[in-house]
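# Residue-level structure breakdown
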Amino acid sequence: MNSSYAKLVHNLEYLKLKQMITHLGETIDFMTNNQLSFVDTMIKLTDYEIDMKEINMVKAMVKVGAFPHFKEVKDFDFSFQPSINKQQILDFTTLRFIESQENIVFLGPSGVGKTHLATAIGIAAAKKRTSTYFIKCNDLIMNLKKAKLENRLETRLKHYAKYRLLLIDEIGYLPIDAEDAKLFFQLIDMRYEKKSTILTTNANFKTWGDIFQDPKLANAILDRVLHHATVVNIIGDSYRLKNHFEKEMNEKGDRQNG
């Protein structure tokens, strides 16, 4: 290794440009064989570093999103849920709805894929470096309630309000008392017409008064959520039950064959 090359590698190591070090030899060979200019060579070499930084940035955004699993739209079985418009879901992943500060509500019984689709859209947003966060409704309520007791409610509300896309999962699975419902309303109100929210629920909107134990407050929440929203009503069978029955059938077949 000549002294100039060694010095260059040392400099790149000092600057922590690992990808440029990794691809240095092949880039020099490519430059020599194709008579690349110095500028074009540097573009090619720095592209390796930029590409890796972009990959790491996306990974970090996805990690910060706190998604329950890494499931994307391509992993969803649309053939099992024909009530879902695949093109509509793909359009959501373009993030047009975020640019328009619109919301999405996935409505349907347990196990039909609401969380999967919400997560998939959230991951698509995170991959495009859009600040995104996923949280279950009960956890959100508990966190806001705790913050109120510790006199830091405003700070916590601002934390959840800052994300360009907030995913609130499983509204309606557990009852919310009237005081806690006020905390939820404050967050929805802070985000109203400013940021986009994706909600998943198994509860018909007419029953939200019972869920929040305050019909007037429930109507105020719904008014803000649905004003600029697309509701995706999923009518179908449960994936989890489908997988359970398939497993049972396979095990039964194995016993019979055994």
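Here is what the cut-offs are and how they apply
- Residues numbered from 1 in each chain as written.
- Predicted model: local features only at pLDDT ≥ 70, side-chain atom pairs only at ≥ 80, totals over all residues.
- Heavy atoms only, no water.
- Helix = DSSP H or I, 4+ residues; strand = E, 2+ residues; numbered from the N terminus.
- Rg over C-alpha atoms; globule rule 2.2 N^0.38 Å.
- Buried < 20%, exposed > 50% of the residue type's maximum accessible area, 1.4 Å probe, protein only.
- pLDDT = per-residue confidence, 0-100.
- Contact = heavy atoms within 4.5 Å.
- Pairing = 2+ DSSP bridges.
- Axes fitted to C-alpha atoms, helices over the stretch in contact; angles between N-to-C directions.
- Phe/Tyr/Trp six-rings, centres within 6.5 Å; stacked < 30°, edge-to-face > 60°.
- Lys NZ or Arg CZ within 6 Å of the ring centre and 35° of its normal.

### With respect to the overall build of the protein chain
The secondary structure content of the protein chain amounts to 13 helices and five strands. Expected size for 258 residues packed as a compact globule is a radius of gyration near 18 Å; at 25 Å, the protein chain overshoots this value by more than 25%. With the C-alpha coordinates of the protein chain rotated into their principal frame, the extents come out at 75 × 65 × 35 Å. Counting every position in the protein chain, which comprises 258 residues, the buried fraction comes to 40%.

### Quick look at the confidence of the model for the protein chain
For the protein chain, per-residue confidence averages 91 on the pLDDT scale, and residues scoring 70 or more make up 92% of the total. Within the model, the stretch residues 244–249 combines pLDDT values under 50 with zero contacts to residues more than four positions away or in other chains.

### Section: the sheet that holds strand E1 (residues 103–107)
Strand order in the open sheet formed by five strands is E2-E3-E4-E1-E5, with parallel pairing between adjacent strands. For this open sheet the edge positions go to strand E2 (132–136) and strand E5 (229–233), each flanked by a neighbour on one side alone. Along the sheet, successive strands turn relative to each other by an average axial angle of 15°, direction set aside. Here E2 runs beside strand E3 (residues 165–171); their pairing, made up of five bridges, is parallel. The residue of E3 that forms the bridge with Phe-134 is Leu-167. Helix-sheet contacts for helix H8 (residues 137–149) involve E2 and E3, and the interaxial angle to E2 is about 95°. On top of the sheet, helix H10 (residues 178–191) reaches E3 and strand E4 (196–201); it is set at about 150° to E3, its chief contact.

### Examining the packing of aromatic side chains
Per the counting criterion, the structure on display carries seven aromatic pairs. Pairing Tyr-133 with Tyr-160 gives two aromatic rings, centres 6.2 Å apart and planes at 45°, and the pair type is tilted. Within this pair, whereas Tyr-133 is found in strand E2, its partner Tyr-160 is found in helix H9 (residues 153–161), the two being separated by 27 residues in sequence. A relative accessible area of 17% means that Tyr-133 is categorised as buried. Residue classification places Tyr-160 among the buried residues on the basis of a relative accessible area of 0%. Centre to centre, the rings of Phe-205 and Trp-208 are 5.6 Å apart; their planes meet at 75°, and the pair counts as edge-to-face. Joined through ring pairs, the aromatic side chains of Phe-184, Phe-205, Trp-208 and Phe-212 make up one cluster. Across from the ring centre of Phe-30, 4.5 Å away, lies the NZ or CZ of Lys-44, which sits over that ring. Directly above the ring of Tyr-192 sits Arg-224, whose terminal nitrogen or CZ lies 6.0 Å from the centroid.

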